[in-house]
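Structural overview for review
For reference, the chains in residue letters:
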Amino acid sequence: MADLDLLTQSLGRNVKHWRAVRGFTLDVLAARAGVSRGMLIQIEQARTNPSLGTVIKIGDALGVSITTLLDYGQGPKVRVVPADQVVRLWHTDAGSYSRLLAGTEAPGPLEMWEWRLMPGESSSSDPHPAGTFEIVHVIAGELTLTVEDAEYRVPVGASATFEANAPHTYGNQGDVPTEWMLAVSVPPVR
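Here goes a summary of the coordinates provided. (Residues numbered from 1 in each chain as written. Predicted model: local features only at pLDDT ≥ 70, side-chain atom pairs only at ≥ 80, totals over all residues. Heavy atoms only, no water.)

Things to note about the packing of helix α2 (residues 26-33) against helix α4 (residues 52-62)
Condition: Only the stretch in contact is used when a helix axis is fitted, and all axes are lines through C-alpha atoms; the angle between N-to-C directions ranges over 0 to 180 degrees. Helix and strand labels come from DSSP, where a helix needs a run of H or I of at least four residues and a strand needs a run of E of at least two; each type is numbered from the N terminus. Angle categories are assigned with fixed cut-offs, so that under 35 degrees is roughly parallel, over 145 is roughly antiparallel, 65 to 115 is roughly perpendicular, and the rest are oblique. By definition, turning the near helix anticlockwise from the far helix through less than a right angle yields a left-handed crossing, and turning it clockwise yields a right-handed one. In this analysis, two residues are considered to be in contact whenever any of their non-hydrogen atoms come within 4.5 Å of each other. Each residue receives one of three labels: charged for Asp, Glu, Lys and Arg, nonpolar for Ala, Val, Leu, Ile, Met, Phe, Trp, Tyr, Cys and Pro, and polar for the others, Gly being one of them.
Relative orientation of the contacting elements α2 and α4 amounts to 110 degrees, with a least axis distance of 8 Å. By the criterion of interaxial angle, the relationship of α2 to α4 is roughly perpendicular. The crossing of α2 and α4 is right-handed. Touching L29, R32 and A33 of α2 are K57, I58, A61 and L62, all from α4. Of the residues belonging to the contact of α2 with α4, the class tally is 5 nonpolar, no polar and 2 charged.

Below, the structure written as structure tokens:
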């Protein structure tokens, strides 16, 4: 089975599972995630490959990480993610990308990402639920982090933390690729 087919089926199964665990109807989850009921039905039936933004919204609404939604199966207490199973969820033709390296539920979703942005490119994110925090550590180039229209320069070797319940953008205004590690902690659904 192709990777995309496996991910689509895993996503459908896991959205349905976590919706049941949370006791959400399709309508409740649709309202919480800002996604149409029809889209949720297509996702749960593995009939569509939704955008990364849609998957993030559903994960936030369910209070689970993207890793959990895309997980092929439940593993043991220790989970090693081989390099060939890291999921590239976003990329551009110029060579920018983000890769979800690992994630867990502790007590809410906790994710670790690897990002790369080519010169002149950027990636924007909608606000996450209140209480969501992100930590970035730049390993190459310089990251321009914009949070609520305020711009912060994060040079190589530096780190930044911020509450991610506001619109934010990762940008590369330099002339070399920018690479960074990103950890995202989302509070559990109450």
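A few points about the environment of P167
Rules: Classification of residues uses two cut-offs on accessible area relative to the type maximum, computed with a 1.4 Å probe and protein chains only: under 20% is buried, over 50% is exposed, and between them is partly exposed.
Checked against the element boundaries, P167 lands in the loop between β8 (159-163) and β9 (168-171). By relative accessible area, P167 is classed as partly exposed at 47%. C-alpha separation for the pair P167 and V147, spaced 20 residues apart in sequence, amounts to 6.1 Å. What P167 contacts, discounting residues up to four positions off in sequence, is S125, P127, T146, V147 and E148.

What to know about the packing of aromatic side chains
Stated precisely, the cut-off is as follows: Side-chain rings of Phe, Tyr and Trp (the six-membered ring for Trp) are treated as a pair once their centres are within 6.5 Å; stacked means planes under 30 degrees apart, edge-to-face means over 60, and tilted covers the remaining angles.
Under the defined criterion, the tally for this structure stands at 5 aromatic pairs. Relative to W115, the ring of W113 has its centre 6.4 Å away and its plane inclined at 40 degrees; by these criteria the two rings are tilted. The same class applies to W113 and to W115, which are both buried. Between W115 and Y170, the ring centres sit 5.2 Å apart and the planes meet at 45 degrees, which makes this aromatic pair tilted. You can see W115 sitting in strand β3 (residues 109-117) and its partner Y170 sitting in strand β9, a full 55 residues away along the chain.

Considering the side chain of R19
Within the fold, R19 resides in helix α1 (residues 3-22). Residue class for R19 comes out buried when judged on its relative accessible area of 14%. If sequence neighbours within four positions are ignored, R19 has contacts with F24, T25, L26, L29, E44 and L62.

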